[in-house]
Amino acid sequence: MSEYSEAEETERTTAAERYLELAAKRDRYLTRARECSKFTIPALIPENDDDMGEDEETPAQSDGAKCINSLSAKILLAMVPPNIPVFRLETNDVANVIMSSQDPQLAQAAQEIRENLDRIPRAALLLTETYRHRPTIFEGIKHLIAGGNVLFWMMSDKAHLGEIRSVPLSRYVVLRDSLGFPLEIIIKDGLSAANLPPKLKEILHTKKSLEDILKEASTVKSDSTTSDYSLYTYSCWDPATKKYNVHQEFMGEEVDGTKARYTSDDFPFVALRFSSSDGKDYGRGLVEEYLGVLMSLEAIAQAETALAIIMAEIRWMVGAASGIRARDLQNSPPGAHIDAEPDTIKALTADKYGDLAAMLNTKQALQRDLGLAFLVETAIQRSGERVTAEEIRTMMQLLDSTLGGLYSALSADFQAPYVRFQLRLLKKQQGIDIGKSGAVRPRIVTGLEALGQSSEAQQFFQSQKVLSDLVGPAVYGQRVHVDALAKKINGYFNVEAAGIYKTQEEVQQEQAANQQAETNKAAVGPIVNAVGKAATQQ
């Protein structure tokens, strides 16, 4: 295992030099990612980061962009759905035994604890909406599908508290061990001379003269990796302390106030890979697996467009013995009368309708294969006038199962750090802390967990229906525990039902009140009869 500590970094190289060393291993992945972006969304990973894709050539087909946007939207809705918390807080077995006690006081306290725990995921959901995390996550997912790599920076400092940044592959490098654990991560940010922060200006004054600084500041440039200066955010794993050492460097010097230490759970940098290989620092994207199909579609789209333009062009042939010149026919106004035989003037067109139809059939076949791989809605529905909803539902379940590996990777590599990031924000802003004792732990309920939970719910409902049919609804209703059944069903649907159902004490009180009412009703009849009989006798 190649481990790298902060002490070694000061003796060996600066962050800028180390970035150049690790960039040599990254360049072949970056080149491939740019090639994939060229046939899908060229502005996503441009050839030159300085122009940010402004001079990129637009592809002739839009299937690649449609596939990336469609799949990215589905993954976003699965990972971070709107109005649904990403996680729920659960208690361990010991806490469950205490909370399920029959003691009325403990039961009341357990209900209050459960209600407070259920409020925390909803508070975390409010943070997602407040800090607009979804647009950033959506952009990162597109980078992950097209280029295979992206880095999320979950910021917790005072200046950018609660914000998430999506860093493309062209702006960071990473070094991993054989198990995929990140040992080093370096982020490079370009800065122009006109908008340097005060701390960086102090370092700049010690490196350059005032004349050079004013000369550079007179030309305002946009921030990019090829700007005047670069700010490096360096992080490395220290095996001695089991923590990450993080600091920022500018012009070879460490910036004051940027040094920090993080555990692996609190580490703000999440370097994601779409497909990971053993011993590889970077991953490959889904677009790369279908790059040949996209290149074929691009060639067919270009040929189809060129052929359609040629077929739309019409040239007129004029016979030599017609007595009219081609120039006179060309200069005549529309609707003018011409003295010539009809057979001597004919239209010349390219009769290539068969070739155009063959290209269209090939294009549609490639589009269908690509659409099935990227979960495009038009590829799910089969060709036909009448398609049942059950067919579409079955196909969607099949496609969801094919992306189970992707959901699993994102759940472990992204959702778990994102949940810990939300809990850190709640602790800093609202003082909510679930502690580290293990009595309360978060459980992810979206993504792959939602798929598995949906399948488990269907099996549970089917089993209960079979049991009810076998023993009869009356016997089933007598033997079932309603409270436990309600908790089970609400858990499958991720619904918070605290305070909706009556407690056991309330049910007993209502039963006692009903019995008393029945007793009073039964006693009223004889009393009324006796009073009426006495009145009659009198």
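As shown above, the structure is provided for reference.
Residues numbered from 1 in each chain as written. Predicted model: local features only at pLDDT ≥ 70, side-chain atom pairs only at ≥ 80, totals over all residues. Heavy atoms only, no water.

**Focus: the overall build of the protein chain**
At step 1: Counting secondary structure elements, the protein chain contains 19 helices and 13 strands.
At step 2: Looking at the 538 residues of the protein chain, the share that counts as buried comes to 38%.
At step 3: Nonlocal contacts in the protein chain, meaning residues at least 24 apart in sequence, comprise 71% of its contacts between residues at least 6 apart.
At step 4: About 31,200 Å² of surface is accessible on the protein chain, with carbon and sulfur atoms providing 54% of the total. (Helix = DSSP H or I, 4+ residues; strand = E, 2+ residues; numbered from the N terminus. Buried < 20%, exposed > 50% of the residue type's maximum accessible area, 1.4 Å probe, protein only. Contact = heavy atoms within 4.5 Å. Areas by Shrake-Rupley, 256 points an atom, 1.4 Å probe, with all protein chains shown as cover.)

**So, the nonpolar core**
At step 1: The biggest cluster of nonpolar side chains holds 89 residues, and the ones touching the most others in it are I145, L151, F152 and F374.
At step 2: The element best represented in this core is helix 15 (residues 404-430), accounting for nine residues.
At step 3: Other than its neighbours up to four places away in sequence, F374 contacts C67, S70, L71, I145, L286, V287 and Y290.
At step 4: Membership of the second largest hydrophobic core comes to 10 residues, among which are L191, A193, L196 and F250. (Core = buried A, V, L, I, M, F, W, Y, C linked by side-chain atoms within 4.5 Å.)

**What about empty space enclosed by the protein?**
At step 1: Inspection of every chain in the model, using the stated rule, returns two cavities of 30 Å³ or more.
At step 2: Taken as a whole, the largest cavity spans an internal volume of roughly 60 Å³.
At step 3: Secondary-structure elements contributing two or more residues to the lining of the largest cavity are helix 3 (63-79), helix 6 (133-147) and helix 15.
At step 4: In terms of residue count, the dominant contributor to the lining of the largest cavity is helix 6 (three residues).
At step 5: Here the residues of the lining of the largest cavity sort into nine nonpolar, no polar and no charged.
At step 6: For the second largest cavity, the calculated volume is near 30 Å³. (1 Å grid on protein atoms, 1.4 Å probe; cavity = no way out; pocket = protein on both sides within 12 Å on 5 of 7 lines; lining within 4 Å. Points joined across faces, edges and corners; volume = space filled by probe spheres on them. Nonpolar A, V, L, I, M, F, W, Y, C, P; charged D, E, K, R; others polar.)

**Some words on the packing of helix 3 against helix 6**
At step 1: Direction vectors running N to C along helix 3 and helix 6 enclose 130°, while the axes themselves pass 9 Å from each other. In terms of their interaxial angle, helix 3 and helix 6 are classed as oblique. As for the relative orientation of helix 3 and helix 6, their crossing is right-handed in sense. Within the contact between the two elements, helix 3 uses I68, N69, L71, S72, A73, I75 and L76 and helix 6 uses R134, I137, F138, I141, K142, I145 and A146.
At step 2: Residue classes in the contact of helix 3 with helix 6 are distributed as 10 nonpolar, two polar and two charged. (Axes fitted to C-alpha atoms, helices over the stretch in contact; angles between N-to-C directions. Parallel < 35°, antiparallel > 145°, perpendicular 65-115°, else oblique. Left-handed = near helix turned anticlockwise from the far one by under 90°.)

**Some remarks on the sheet that holds strand 2 (residues 149-154)**
At step 1: The strand order 3-2-10 describes an open sheet built from three strands, whose pairing is antiparallel. Only two strands of the sheet have a single partner each, and these edge strands are strand 3 (164-167) and strand 10 (269-273). Recorded for the sheet is a direction-independent mean angle of 20° between the axes of neighbouring strands.
At step 2: Here five bridges tie strand 2 to strand 10, and the two strands are oriented antiparallel to one another. By the bridge assignment for strand 10, V150 is matched with L272.
At step 3: Of the strands in this sheet, strand 2, strand 3 and strand 10 touch helix 6, which is tilted by about 155° from strand 2. (Pairing = 2+ DSSP bridges.)

**Some details on unusual backbone geometry**
At step 1: You will see that K242, though not glycine, has its phi angle at about 60°, which is positive.
At step 2: For K242, the position within the fold is in the loop between strand 6 (229-238) and strand 7 (243-250).
At step 3: The phi dihedral of M251 is positive, around 55°, even though this residue is not glycine.
At step 4: Residue classification places M251 among the partly exposed positions, given a relative accessible area of 28%.

**Describing a nonpolar patch on the surface**
At step 1: On the surface, a nonpolar cluster with roughly 420 Å² of combined accessible area is contributed by V466, L467, L470, V471 and V475.
At step 2: Take the nonpolar patch: its biggest share by element is four residues, from helix 16 (residues 448-471).
At step 3: Summarising the element assignment, L470 is placed in helix 16. (Patch = residues over 30% accessible without salt bridge, like charges linked within 9 Å, V, L, I, M, F, W, Y side chains within 5 Å. Salt bridge = Lys/Arg side-chain N within 4 Å of Asp/Glu carboxyl O.)

**Description of the packing of aromatic side chains**
At step 1: Using the criterion set out here, one finds 12 aromatic pairs in the structure.
At step 2: Judged by centre distance (5.1 Å) and plane angle (80°), the ring pair of F181 and W237 falls under edge-to-face. Of this pair, F181 sits in the loop between strand 4 (172-176) and strand 5 (182-191) while W237 sits in strand 6; the two residues are 56 residues apart in sequence, bridging distant segments of the chain.
At step 3: Classification of W237 as buried rests on a relative accessible area of 10%. (Phe/Tyr/Trp six-rings, centres within 6.5 Å; stacked < 30°, edge-to-face > 60°.)

**Regarding the environment of A412**
At step 1: Here A412 shows up in helix 15.
At step 2: For the pair A412 and I444, spaced 32 residues apart in the sequence, the C-alpha separation amounts to 9.8 Å.

Keep in mind that these numbers describe shape and distance, not what the molecule does.
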